[in-house]
Amino acid sequence: MIAVLVISLLALLFFSVPIFVSLCLSTLLVFLMYFSGQNMDVMMAQSMVKSCDSFALMAIPFFMLVGTLMTKTGIAKKLVNIAQAFTGDSAGGLGTAAILASMLFAAISGSGPATAAAIGGIMIPAMVEQGYDRAYSSALLASGSTIGPVIPPSIPMIMFAVTIGCSTTTLFMAGFVPGILMGVGLIVYNKIVSKRHNYRGQVTAATMKEKMKALKDGFWALLMPVIVLGGIYSGIFTPTESAVVGVVYALMVSAFIYKTLTWQGLKEALVDAAITSATIMILFGGANTFGRILTLGNIPNTIANAILGMTSNKVIIMLIINIMLLIVGMFIDTNSSVILFSPIIVPILTALGYHEIFIGVMIVVNLCIGMLTPPLGPNLFITMKIGKVSLEEALPSTIVQVGILYLVLAIMIIFPETVLFLPRLLGMI
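Model, not experiment: these values are computed from the prediction.

### A word on the state of the cysteines
Part 1 of the argument: In total, this model carries zero disulfides according to the counting rule given.
Part 2 of the argument: Here C368 is not disulfide-linked; the sulfur of C166 is the nearest cysteine sulfur, at 15 Å.

Pasting the structure below:
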């Protein structure tokens, strides 16, 4: 049964069948072959719908809508202006502003591709106009947007929490330090490259008056992550409720304070969020149904026992798992990978003494780096399209930046408290 499931999935993926269709077809084939006496179409439909029938998953469309509203109404531009004002005319100033803006946007949207499109669309043309290389600018924004699903809120973390059954709020808190470390690593790299190539920031440094003006203009935009995340960690809102609050706040601010909300912009924001959310939910349903077959075949425990039977060395096992995730991230989207591989990886690493919150953050960070690596690499392809560069042009700089992000991941793995320290401090674990 499992051989049929895996071989059929790999064959469909080889012929470039979309991932959610591949998952559903391979699962349907197993139902036809091994459960033919039952009403399999009803079983599959019920399995897909039931897996998506979760209060926690309702946060996904609302966080997506927050991101699209910020993009369509110019709120994201306010965050960029603040970042630019404070990075000044120093070497790599615009690149640093781009990364900071990505981190700020990450604290609201929870999506890597959304961050790449929103911030990349603003910053890449500005960087090119300022003399930055197109390929370098595109690669840097693609790398910066990988922070989107790491700094909370995070759609892949919601997926992990629902799949494994752990606290979404605790996962969110654990994502802060890794996300900041990723941003710092990219800022340092940008500074080094910019000094070498004389990439500058703004033509002149912003005066204190201009900085205060940028802060004043962007105050309501900056308040968004404070309200969304503050509501979660104070216990006032659940993550799902905070996403709804974020949508209402974005609508109020854009309509009555910035007065940038138009009917056309609202329509586009709703359509974009609906399409992206529907795609994610279909993937979740298909992947969960696929995972149900794996569970029936006891595959997660079989793989866990096989790996633990080969060696008990933590370093070797962690290396095997991270290499596997690196390869998986190149071919399968982050959300599907989280759903498919978390039930396999969690039993292995918990048996070695790792906390499930640490495991969740490690999986998400690793797979988010996969958003940079072809042949999938959605973040990279979005910024390449914005920057009008080819893969061959963007790849050399991207490879170096992937190395930097994996260095941050290595620091996390060597020192797990970098992930767990904030949740421990707040008594969440």
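### A short note on helix α22 (residues 417–425)
Helical periodicity: at 3.6 residues per turn, an α-helix aligns residues three or four positions apart in one direction.
Part 1 of the argument: Listed as buried for α22 are V419, L420, L422 and P423. Projection of α22 onto a plane perpendicular to its axis shows the buried side chains occupying an angular sector of 155°, all on one side.
Part 2 of the argument: Next to the buried residues of α22 lie α10 (168–174), α11 (176–197), α19 (356–369) and α21 (391–414).
Part 3 of the argument: Trailing α22 by a residue or two, G427 shows a phi angle of about 70°, which is positive.

### Some thoughts on the confidence of the model for the chain
Part 1 of the argument: Looking at the chain as a whole, the pLDDT averages 86, with 95% of positions reaching at least 70.
Part 2 of the argument: Per-element confidence in the chain is highest for α19, whose mean pLDDT is 94, and lowest for helix α3 (residues 40–52), whose mean pLDDT is 68.

### Quick notes on the side chain of T169
Part 1 of the argument: Within the secondary structure, T169 is located in helix α10.
Part 2 of the argument: Among all residues touching T169, those that are not within four sequence positions of it are I232, Y233, P239 and M428.

### Considering the packing of helix α4 (residues 59–72) against helix α14 (residues 239–257)
Helix-helix packing is described using two parameters, namely the angle between the two axes and the distance between the axes.
Part 1 of the argument: Relative orientation of the contacting elements α4 and α14 amounts to 25°, with a least axis distance of 8 Å. Put simply, α4 runs roughly parallel to α14. Handedness of the crossing formed by α4 with α14: left-handed. Counted together, A59, F62, F63, L65, V66 and L69 of α4 and P239, T240, S242, A243, V244, G246, V247, A250 and L251 of α14 form the full contact between these two elements.

### Points about the packing of aromatic side chains
Aromatic ring pairs are defined here through the distance separating the ring centres and the angle between the ring planes.
Part 1 of the argument: The final tally for this structure, using the stated rule, is six aromatic pairs.
Part 2 of the argument: Ring centres 4.8 Å apart and planes at 25° place the aromatic pair Y132 and Y199 in the stacked group. With Y132 in the loop between α7 (112–129) and α8 (134–145) and Y199 in the loop between α11 and α12 (208–217), the pair connects residues that are 67 residues apart, well separated along the chain.
Part 3 of the argument: Exposure remark for Y132: the relative accessible area of 3% places this residue in the buried category.
Part 4 of the argument: Following the ring pairs from residue to residue traces out a cluster consisting of Y132, Y136, Y189 and Y199.
Part 5 of the argument: Stacked on the ring of Y258, the Lys or Arg K78 has its end atom at 4.7 Å from the ring centre.
Part 6 of the argument: The positively charged end of K314 is found above the aromatic ring belonging to Y354, 5.1 Å away from the centroid.

### Some thoughts on the nonpolar core
Part 1 of the argument: Counting residues in each nonpolar core, the largest one holds 132 residues, and the members touching the most others are I60, M123, L349, F358, M362 and I363.
Part 2 of the argument: Sequence-distant contacts of F358, that is, excluding residues within four places in its chain, are made with M318, M412, I413, P416, V419 and L420.

### Details of helix α18 (residues 334–351)
Part 1 of the argument: Here α18 contains 18 residues, and its C-alpha end-to-end distance of 24 Å stays within 8% of the 26 Å for a straight helix at 1.5 Å per residue.
Part 2 of the argument: The principal kink in α18, of about 50°, is found at S342, preceding the proline P343 by one to four residues.
Part 3 of the argument: Counting buried positions along α18 yields 14 of 18 residues, so the element is predominantly enclosed.

### Details of the side chain of S242
Part 1 of the argument: By secondary structure assignment, the location of S242 is in helix α14.
Part 2 of the argument: Note on S242: relative accessible area 0%, which makes it buried.
Part 3 of the argument: Residues in contact with S242, not counting those within four places in the same chain, are F63, V228, I232 and F237.

Cut-offs applied
- Residues numbered from 1 in each chain as written.
- Predicted model: local features only at pLDDT ≥ 70, side-chain atom pairs only at ≥ 80, totals over all residues.
- Heavy atoms only, no water.
- Disulfide = S-S within 2.5 Å.
- Buried < 20%, exposed > 50% of the residue type's maximum accessible area, 1.4 Å probe, protein only.
- Helix = DSSP H or I, 4+ residues; strand = E, 2+ residues; numbered from the N terminus.
- Arc of directions from axis to C-beta.
- Contact = heavy atoms within 4.5 Å.
- pLDDT = per-residue confidence, 0-100.
- Axes fitted to C-alpha atoms, helices over the stretch in contact; angles between N-to-C directions.
- Parallel < 35°, antiparallel > 145°, perpendicular 65-115°, else oblique.
- Left-handed = near helix turned anticlockwise from the far one by under 90°.
- Phe/Tyr/Trp six-rings, centres within 6.5 Å; stacked < 30°, edge-to-face > 60°.
- Lys NZ or Arg CZ within 6 Å of the ring centre and 35° of its normal.
- Core = buried A, V, L, I, M, F, W, Y, C linked by side-chain atoms within 4.5 Å.
- Expected span 1.5 Å × (residues − 1).
- Bend = angle between axes of the 7 residues up to and from the residue.

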